[in-house]
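The primary structure of each chain is shown beneath.
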Amino acid sequence: MADLNELRQRAEKIREEIRKNAEQLTSSKAAYEARKNFLDKKGVIGQLMQDMKSVPADQKAEYGKTVNELKAWASERFEEIDKKMRQRELELRYASEKIDITMPPVKMVPGHLHPVTQVREELIDIFASMGFEVYEGTEIETDYYNFTALNTPQDHPARDMQDTFYLSPEFLLRTQTSAGQIHVMESKKPPIKILSPGKVFRSDDDATHSPMFSQMEGLVVDKKITLSDLKGMLDVFVQKIFGEGTTTRLRPSYFPFTEPSVEVDCSCFSCGGKGCSLCKGTGWIEVLGAGIVNRKVLENCGIDPDEYSGLAFGMGMERIAMLKYGINNIKLLFESDLQVLEQIGDQE
Ligand code: DAH
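Caption draft 1: Spotlight on the packing of aromatic side chains. As enumerated under the stated definition, the model contains eight aromatic pairs in all. Centroid distance Phe 255 to Phe 257: 5.9 Å. Interplanar angle 25°. Geometry classified as stacked. Each member of the pair, Phe 255 as well as Phe 257, carries the same accessibility label: buried. Feature note: the residues Phe 127, Phe 132, Phe 237 and Phe 313 constitute an aromatic cluster, connected by ring pairs. Sitting above the plane of the Trp 73 ring, Arg 15 keeps its charged end 5.2 Å from the centroid.

Caption draft 2: Local environment of unusual backbone geometry. Residue Pro 191 is reached from Pro 190 by a cis peptide bond, and omega for that bond is 5°. Structurally, Pro 191 can be placed in the loop between helix H7 (179-187) and strand E4 (192-201). A cis amide bond links Glu 259 to the next residue, Pro 260, at an omega of 0°. Backbone geometry places Lys 224, a non-glycine residue, at a positive phi of 60°. Lys 224 gets classed as exposed once you look at its relative accessible area, which sits at 75%. The backbone of Ser 336 shows a phi angle near 55°, a positive value even though the residue is not glycine. Structurally, Ser 336 is set in the loop between helix H10 (317-325) and helix H11 (338-341). Assessed through its relative accessible area of 54%, Ser 336 is described here as exposed.

Definitions and limits used
- Residues numbered from 1 in each chain as written.
- Predicted model: local features only at pLDDT ≥ 70, side-chain atom pairs only at ≥ 80, totals over all residues.
- Heavy atoms only, no water.
- Phe/Tyr/Trp six-rings, centres within 6.5 Å; stacked < 30°, edge-to-face > 60°.
- Buried < 20%, exposed > 50% of the residue type's maximum accessible area, 1.4 Å probe, protein only.
- Lys NZ or Arg CZ within 6 Å of the ring centre and 35° of its normal.
- Helix = DSSP H or I, 4+ residues; strand = E, 2+ residues; numbered from the N terminus.

Spelled out as structure tokens, the structure:
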């Protein structure tokens, strides 16, 4: 190639080729490749530059100018093409990512807390509002804290009330959260107002009993604490947990660590006291055990029973959950069957 005319024709052809090419390009990547084909050193236009060597000296300037003009034009064209391609790609992407806001949403099924956890939290809320603090004891206890200090020595017949899992002659799985009462009274001076939730263990297994279940213990020690304080607190408690209008009645009972001891019933929140299947026709439902802390227990903890008195209560949280949510078999609370658990509790 040495002729200027020939060069001009060739340049025109290249322009035509680029124009045509541009119409067929569909992506910025293809545009990049095409640009390389024309503008790289070894590309079509790059080659024309190389050919300048064989151009006679008097035509070199004109030749170079023509090739440079072609190069500038091609660069500009490819820039435009690249811009166009990128814009097109962006539009395609936007179109593919478009959200149809009229589509029905994917159904979300939120989880909820286990019914016993819900009861535990509700109880803590209720008693915290009366000034109780939470104390969590340990599940492994010594015989002393679980029994002896609670006025239940080795040969005491009340030990037969609970079938105990012993780990050794000294250690056992606590049978009652009442063990926590002793730890608290040993480490804290009155006034004491604690609530102690936790797991307890007994060798017991039927529709209403499980070898592991949860209790909530309450203990108040101060000057002049009486049964009427207990009744007042429990009235507030049953109204909050079972609904307004629920009342309590105390029946004489026996626990070694309380004197007097009571069994606390609440009026049936299902029938309002008329008698139904839940209250077995009596109008009353047993909810917990309670009493005035036995003087001996206070003494065991170094608290002067002539100066201070206390009230205590303990309830099974599964029992409260079963009553509240109408469950007749305690096993349903432990089997972790989601189809069952999803139906129990306060859904939020
Ligand atoms: N610890 C008793 C039990 O497991 C429940 C109980 C009764 C706790 C009377 C108390 C109480 O604090 O005063 O059966």
